[in-house]
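Below, each chain spelled out in residue letters.
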Amino acid sequence: MRIITVANQKGGCGKTTTVINLAASLAHFGKKVLIIDMDPQGHVAIGLGVLRADQINQTIYDVLCNTETEQRIDSIIIPIRENIDIAPSNISLSALEQKMAGVDKREELLIKAIFTVYEDYDYILIDTPPNVGLLTFNALRACREVIIPIDSSYFGLHGLGKLLQTVLLLNERLNHSIRIKALSTLVDKRTKVSMDVLQEIRNTFNKNTFKTEINLNVKLKEAVGLGIPVLEYDPNCTGTQDYLNLAEEIISEEKSIEIQTIMKTLQELNDKALEGQLFSPKFVDGGILFTLKNNDIKSLRIAGDFNNWNPSEHDAFVKDDKGVWSKNLHLNPGLYQYKLIIDGQWMPDPNNPIRVQSPMGGSNSVLFVK
Ligand SMILES: Nc1ncnc2c1ncn2[C@@H]1O[C@H](COP(=O)(O)OP(=O)(O)OP(=O)(O)O)[C@@H](O)[C@H]1O
Ligand SMILES: [Mg+2]
């Protein structure tokens, strides 16, 4: 599950166009997407032909400002296509900053609201207004990734400072690490200015630039006017192809992000294990100690990458008089997957919270040996 905010304080650089068409492209590849509109202009609902923004009764504003009644975000979510839901906004959202003035932790309203639904989606995309106020701050606080669309005009890179400063502030002061990636938009390769700005974007953001570029394409503008994603308006135009490419590029990052997250959690758990806290599997002198306390079971074995998933009697645990089963294994450094076999039943290790999907069904426990 990834939460991605699309932000840039410069107006008209393609934030909303990116949110709408990236959502449609991710949905096209089978991903379940929620769009949250944090812009009081309410352009997402209009661009997706939901309703006129002023006709929507309940918006994200009702969720964010009703902290006492705890109105849940799912009560305002509108399903609009297979795999695409939206949490819309309208002009009422512009009152949030004033209404919440002086309220403690007012930059955490969105992240708390998302908490109840985030497991239902593969991607949550957040659209933001063209300024860096409380609304954008809430969106940045709620995400781990930011896409910054930069239009390839003379002023494309102008005024990015405040957004970058805000991300830095979140990174440093709140220890909330956010990855930023620039997306070149409204690219017109026939003009020199566009090419110069493209180069400048690459120089500024280096590898934090999407390979995909979004070309200037009038079909994108026309599709918004009709309230549909460009993919539905003209499946063969450049705009459609560009946003499909962007979705593919983003999906292709999933594997490395998943591995990074697993490695980080494993590192934390390993550190805890090394500090001697109770945890299984645990690093001990001479190996890795697996333990499980259960007086009712009759046999316990382990199968994993290290024994080719083919346990022998050497892989059986022994039980002590307190009902604690244990097994010490000597493993070379590496990343391992394994399962416990409890009275003949294969299952993940109940003591180890780190699991991945098993190609054979169910999940495997994961162990990282340094
Ligand atoms: N690649 C593109 N080619 C042609 N027109 C585009 C492209 N991207 C965006 N547009 C058009 O440019 C205008 C501004 O785009 P958009 O609304 O996505 O920008 P925004 O950053 O969300 O603006 P705001 O800051 O006001 O929210 C819209 O009319 C949109 O249809
Ligand atoms: Mg917009």
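Residues numbered from 1 in each chain as written. Chains lettered and ligands numbered in written order. Predicted model: local features only at pLDDT ≥ 70, side-chain atom pairs only at ≥ 80, totals over all residues.

Undergrad: Just give me the short version of the site of ligand 1, but keep the residues and values in it.
TA: In the neighbourhood of ligand 1, 20 residues make up the surrounding shell, with Gly11, Lys15, Thr16, Thr17 and Pro130 lying closest. When residues of the shell around ligand 1 are traced back to their parent elements, those giving at least two are α1 (15-28) and α9 (218-226). Looking at the shell around ligand 1 residue by residue, the classes come out as eight nonpolar, nine polar and three charged. (Near = placed C-beta within 6 Å. Helix = DSSP H or I, 4+ residues; strand = E, 2+ residues; numbered from the N terminus. Nonpolar A, V, L, I, M, F, W, Y, C, P; charged D, E, K, R; others polar.)

Undergrad: Describe the sheet that holds strand β4 (residues 84-87), listing the residues and the values that go with them.
TA: A sheet is described by the order of its strands in space; here seven strands give the open sequence β3-β4-β2-β5-β1-β6-β7, paired in mixed fashion. Here the strands that pair on one side only, and so sit at the sheet edges, are β3 (78-81) and β7 (179-185). This sheet shows a mean twist of 25° between the axes of neighbouring strands, independent of strand direction. Across five bridges, the pairing between strand β2 (residues 33-37) and strand β5 (residues 123-127) is parallel. Each bridged residue has a counterpart across the sheet, and for isoleucine 35 the counterpart in β5 is leucine 125. Those strands touched by helix α6 (residues 134-142) are β1 (2-6), β5 and β6 (145-151), and its axis lies near 150° from that of β1. (Pairing = 2+ DSSP bridges. Axes fitted to C-alpha atoms, helices over the stretch in contact; angles between N-to-C directions. Contact = placed C-beta atoms within 7 Å.)

Undergrad: Pulling in residues and values, what's your account of the nonpolar core?
TA: The biggest cluster of nonpolar side chains holds 75 residues, and the ones touching the most others in it are Ala23, Val33, Ile35 and Leu125. Tallying contributions element by element places α1 first for this core, with seven residues. (Core = buried A, V, L, I, M, F, W, Y, C linked by C-beta atoms within 7 Å. Buried ≥ 20, exposed ≤ 12 C-beta atoms within 10 Å, placed from the backbone.)

Undergrad: Help me get a handle on α9, residues and values and all.
TA: Residues of α9 that are buried: Leu220, Ala223 and Val224. All buried residues of α9 project into a common sector of 100° when viewed along the axis, lining one side. In α9, the exposed positions angled more than 90 degrees off the buried face are occupied by Val218, Lys221, Gly225 and Leu226. Looking at the buried side of α9, the elements it contacts are α1, α2 (43-47), α10 (230-233) and α11 (238-252). In the segment just after α9, glycine 227 is the residue with positive phi, at about 75°. (Arc of directions from axis to C-beta.)

Undergrad: Account for the sheet that holds strand β8 (residues 282-284), naming residues and giving values.
TA: Taken together, four strands build an open sheet; the order of strands is β8-β9-β12-β11 and the sheet is antiparallel. A strand with exactly one partner marks an edge of an open sheet, and here the two such strands are β8 and β11 (318-319).

Undergrad: Can you tell me about the pairing of strand β13 (residues 334-342), naming the residues and giving the values?
TA: As defined by bridge partners, strand β10 (residues 300-304) adjoins β13 across five bridges and the pair is classed as antiparallel. Across the sheet, alanine 303 pairs through a bridge with lysine 339, a residue of β13. One ladder, built from three bridges, connects β13 with strand β14 (residues 345-347); its direction is antiparallel. The residue bridging isoleucine 341 from the neighbouring strand is tryptophan 346, located in β14. What sits between β13 and β14 in their antiparallel hairpin is a turn of two residues, with aspartate 343 showing a positive phi close to 45°.

Undergrad: Hey, could you go over the pairing of strand β16 (residues 363-369) for me, with residue numbers and the actual values?
TA: Sheet topology note: the β13/β16 ladder contains five bridges and is antiparallel. Looking at the pairing, tyrosine 336 lines up with leucine 367 of β16. Sheet analysis places strand β15 (residues 355-357) next to β16, joined by three bridges and oriented antiparallel. By the bridge assignment for β16, glutamine 357 is matched with serine 363. With antiparallel pairing between neighbouring strands as the criterion, β15 and β16 make up a hairpin whose turn holds five residues, including glycine 361 at a positive phi of roughly 105°.

Undergrad: How would you explain the domain arrangement of the chain if you had to name every residue and give the values?
TA: The domain boundaries assigned to the chain delineate domain 1 (2-252) and domain 2 (273-369). The C-alpha-based centres of domain 1 and domain 2 are spaced at 43 Å. (Domains from an automatic or database assignment.)

Undergrad: Run through the environment of threonine 209, naming residues and quoting values.
TA: Relative to the assigned elements, threonine 209 resides in the loop between α8 (192-205) and α9. We classify threonine 209 as partly exposed; it has 19 C-beta atoms within 10 Å. Sequence spacing of threonine 209 and lysine 112 is 97 residues, and the spatial spacing of their C-alpha atoms is 30 Å. Threonine 209 has contacts with Lys181, Ala182, Ile201 and Arg202, leaving out every residue within four places of it along the chain.

Undergrad: Describe α8, and please don't skip the residues or the numbers.
TA: Taking 1.5 Å per residue as the helical rise, α8 with its 14 residues ought to reach 20 Å, and the 20 Å between its terminal C-alpha atoms agrees with that figure. Among all positions in α8, only Ser194, Val197, Ile201 and Phe205 are buried. Down the axis of α8, the buried set is contained in an arc of 65°. They therefore lie on one face. Opposite the buried face of α8, at more than 90 degrees from it, the exposed residues are Lys192, Gln199 and Asn203. Structurally, α8 contributes buried residues whose contacts are with β6 and β7. Directly beyond the C-terminal end of α8, a positive phi value near 50° is found at asparagine 206. (Expected span 1.5 Å × (residues − 1).)

Undergrad: Which residues make up the packing of α1 against α11, and what are the values?
TA: Running from N to C, α1 and α11 point in directions that differ by 65°, and their axes come no closer than 8 Å. Overall, the two elements α1 and α11 adopt an arrangement that is roughly perpendicular. In this structure, α1 crosses over α11, and the sense of that crossing is right-handed. Only Tyr243, Leu244, Leu246 and Ala247 of α11 make contact with α1, whose side of the interface consists of Asn21, Leu22, Ser25, Leu26 and His28. Its residues assigned to classes, the contact of α1 with α11 comprises six nonpolar, three polar and no charged. (Parallel < 35°, antiparallel > 145°, perpendicular 65-115°, else oblique. Left-handed = near helix turned anticlockwise from the far one by under 90°.)

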